[in-house]
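Structural characterization, general
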Amino acid sequence: MLFSYMIAKVMDMDEVLKQSLLFDFYGELLTEHQRNVYEEVVQNDLSYSEAAEAFGVSRQGIHEIVKRCNKMLEGYEQKLHLVEKFVRIRESVKEIQTLSGQYEGIDKEVLAKEVLSISEKILEEL
């Protein structure tokens, strides 16, 4: 039971992280009203009822705005892939950092080749 709860919590965290990244990259493409509602509900964890009261619309209206925004943000990502590129570049940088931390145990030439290879992948992403 506890394990299932923890898995659900991690999956929720992944969804929140995904929504946050999508909003960070594409939030400016939403209308001001959509952006404000989405930010309050998703980023600031306001309930639909609290947001409905704050924005003077129904709870269902808030739900529909958030749902529409999620769909729009995911649509932008499907077309532009900016979050995907960002995540891949971030992973490559972490890989370089890990290699740098293992400097003592790796031949300098091997380390230099690995870093060069990873940096070339990063440049291809850009």
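These notes cover the structure that comes with them. (Residues numbered from 1 in each chain as written. Predicted model: local features only at pLDDT ≥ 70, side-chain atom pairs only at ≥ 80, totals over all residues. Heavy atoms only, no water.)

Attention shifts here to the overall build of the protein chain. Within the protein chain one finds six helices and zero strands. Across the protein chain, helices and strands are ordered from the amino to the carboxyl terminus as α-α-α-α-α-α. In the protein chain, which comprises 126 residues, the proportion classed as buried is 26%. Excluding contacts between residues fewer than 6 apart, the proportion of contacts in the protein chain whose partners are at least 24 apart in sequence is 55%. (Helix = DSSP H or I, 4+ residues; strand = E, 2+ residues; numbered from the N terminus. Buried < 20%, exposed > 50% of the residue type's maximum accessible area, 1.4 Å probe, protein only. Contact = heavy atoms within 4.5 Å.)

This next bit is on a nonpolar patch on the surface. On the surface, F25, L80, L82, F86 and V87 cluster together to form a nonpolar patch covering roughly 380 Å² of accessible area. A total of three residues in the nonpolar patch trace back to one element, the largest contributor, which is helix α5 (residues 82-101). Here L82 is to be found in helix α5. Judged by relative accessible area, which is 36%, L82 ranks as partly exposed. (Patch = residues over 30% accessible without salt bridge, like charges linked within 9 Å, V, L, I, M, F, W, Y side chains within 5 Å. Areas by Shrake-Rupley, 256 points an atom, 1.4 Å probe, with all protein chains shown as cover. Salt bridge = Lys/Arg side-chain N within 4 Å of Asp/Glu carboxyl O.)

A few words on the packing of aromatic side chains. Within this structure, the stated rule accounts for four aromatic pairs. Where F25 meets Y26, the ring centres are 6.3 Å apart and the plane angle is 50°; that geometry is what we call tilted. Assessed through its relative accessible area of 33%, F25 is described here as partly exposed. Given a relative accessible area of 1%, Y26 falls into the buried group. Geometrically, the ring pair formed by Y26 and Y76 is tilted, given 5.9 Å between the ring centres and 40° between the ring planes. With a gap of 50 residues between them, Y26 in helix α1 (residues 2-26) and Y76 in helix α4 (residues 59-80) connect regions that are remote in the sequence. By the ring-pair criterion, three or more aromatic residues cluster together here, those being F25, Y26, Y76 and F86. (Phe/Tyr/Trp six-rings, centres within 6.5 Å; stacked < 30°, edge-to-face > 60°.)

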